[in-house]
There are 2 protein chains.
Amino acid sequence: MAYADVLTALADPTRRAVFEVVCRHPASVTDIAAGLPVSRPAVSQHLKVLEAANLVHAIPQGRTRLYAVQPDGLNALREWMDGVWDVALKAYAAEIARRTKKD
Amino acid sequence: MAYADVLTALADPTRRAVFEVVCRHPASVTDIAAGLPVSRPAVSQHLKVLEAANLVHAIPQGRTRLYAVQPDGLNALREWMDGVWDVALKAYAAEIARRTKKD
DNA sequence: CGTCTGCGTAAGCCATGGCTTACATGTTAG
DNA sequence: CTAACATGTAAGCCATGGCTTACGCAGACG
């Protein structure tokens, strides 16, 4: 159920903003918080959620921690979307078949 | 910002369950609620959110309303994901270039 | 070895939102 | 025309979670 965590993580606007900053380039917690209207601990908490969803990962560098994008999260979401899409297509085809049979 | 509504809509587990039922085949509100552990009004409210996110659409049939999948919502989400992916790739390439330059 | 910086964590506050019950609307059947 | 069913909506309750302030901890630097 990794895609569920990804959806939950990306649903929050602030957390999405954090994620998009990290997407542009690896950044430290302080740097990310500097460009957002929330406090540094808030960003830290959001990064924790994003990390749990495999959307980002931390790279300890001395006393700072650089956060960078990790593909796994978005991949899980994409795979779930593909599955849903497949089910919807099959259902659509079945619906068409049912109607033509009825005619 | 359509993708934001899609993410918010799909983040809730119950609402995702409603959506997946509708993906399998068009269904009425009562039918959907019968297969879920929530009341019928709850399902109705969830369908309202899903409809606002262009994930489903209603087909009035007499006194019932059949809900079916609509591709727009998932497409908006996919396009946003593609954009994010593109940004992440560019950032990764830039990072590589920066490091090789430094060496 | 003390100090300062960068982060994570805990506790608490408060808004958002999901759920239920009760009610209103509209459509079909008799 | 009345009865009954399918649905949307309103009001209210309560849990989840996002934010802040305060604190604890590890790594660099004189």
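Model, not experiment: these values are computed from the prediction.

What counts and what doesn't
Residues numbered from 1 in each chain as written. Chains lettered and ligands numbered in written order. Predicted model: local features only at pLDDT ≥ 70, side-chain atom pairs only at ≥ 80, totals over all residues. Heavy atoms only, no water. Near = heavy atom within 4 Å. Polar contact = N/O pair within 3.5 Å; in protein donor to acceptor, adjacent residues only side chain to side chain. Helix = DSSP H or I, 4+ residues; strand = E, 2+ residues; numbered from the N terminus. Nonpolar A, V, L, I, M, F, W, Y, C, P; charged D, E, K, R; others polar. Pairing = 2+ DSSP bridges. Least-squares fit on C-alpha atoms with pLDDT ≥ 70 in both. Contact = heavy atoms within 4.5 Å. UniProt positions renumbered as here; feature names shortened; annotations may be inferred.

Asks: Explain the protein's contact with DNA strand D to me, using residue names and the numbers behind them.
Replies: Lining the immediate surroundings of DNA strand D are 23 residues, of which S39 and H46 of chain A together with T30, S44 and Y67 of chain B lie closest. Counting only the atoms of DNA strand D that lie within 4 Å of the protein, the sugar and phosphate share comes to 65%. In this structure, a phosphate oxygen belonging to DNA strand D sits 3.3 Å away from a main-chain N or O atom of V29 of chain B. For the surface near DNA strand D, the secondary structure elements donating two or more residues are α2 (13–24) and α4 (40–52) of chain A together with α3 (29–34), α4 (40–52) and β3 (64–69) of chain B. With 5 residues, the top contributor of residues to the surface near DNA strand D is α4 of chain B. Along the lines of polarity and charge, the residues of the surface near DNA strand D split into 6 nonpolar, 10 polar and 7 charged.

Asks: So what's going on with the protein's contact with DNA strand C? Which residues, and what values?
Replies: Around DNA strand C, the structure places 23 residues, and the nearest of them are T30, S44 and Y67 of chain A together with S39 and H46 of chain B. Within 4 Å of the protein, atoms of DNA strand C come from sugar and phosphate in 64% of cases. At 3.5 Å from a phosphate oxygen of DNA strand C is found a main-chain nitrogen or oxygen belonging to V29 of chain A. Within the side chain of R15 of chain B, a nitrogen or oxygen atom sits 2.9 Å from a phosphate oxygen of DNA strand C. Looking at the surface near DNA strand C, the elements that each hand over two or more residues are α3 (29–34), α4 and β3 (64–69) of chain A together with α2 (13–24) and α4 of chain B.

Asks: Give a description of the pairing of β3 of chain A that names residues and reports values.
Replies: Residues and elements named next belong to chain A. Relative to β3, strand β1 (residues 27–28) runs antiparallel, the two being bridged by 2 bridges. If you follow A27 over to β3, its bridge partner there is Y67. Examined bridge by bridge, strand β2 (residues 56–61) and β3 share 6 bridges and lie antiparallel to one another. In the strand pairing of β3, A58 is matched with Y67. What sits between β2 and β3 in their antiparallel hairpin is a turn of 2 residues, with G62 showing a positive phi close to 65°.

Asks: Describe the relation of the copies chain B and chain A, with residues and values.
Replies: Note: a rotation about an axis with an accompanying shift along it relates these two copies of the chain. After a rotation of 180° and a shift along the axis of 0.0 Å, chain B superposes on chain A with an RMSD of 0.0 Å. The transformation just described matches what one would write down for a two-fold rotation axis. Looking at chain B, 100% of its interface residues are interface residues in chain A too, so the copies touch through the same face.

Asks: Provide a residue-level description of the environment of R15 of chain B, including the pertinent values.
Replies: Residue and element names in this part refer to chain B. Examined against the element boundaries, R15 turns out to sit in helix α2. Spatially, the C-alpha atoms of R15 and A94 are 40 Å apart, while their sequence positions differ by 79 residues. Contacts of R15, omitting those with residues within four sequence positions, involve T8, A9, H46, V49 and L50.

Asks: Any details on the UniProt feature "domain: HTH arsR-type" (unreviewed entry) in chain A? Residues and values, ideally.
Replies: Here the UniProt-annotated "domain: HTH arsR-type" (unreviewed entry) positions come out as residues 1–88 of chain A. The annotated region residues 1–88 of chain A carries 67% helix and 16% strand content, and the separation between its end C-alpha atoms amounts to 20 Å.

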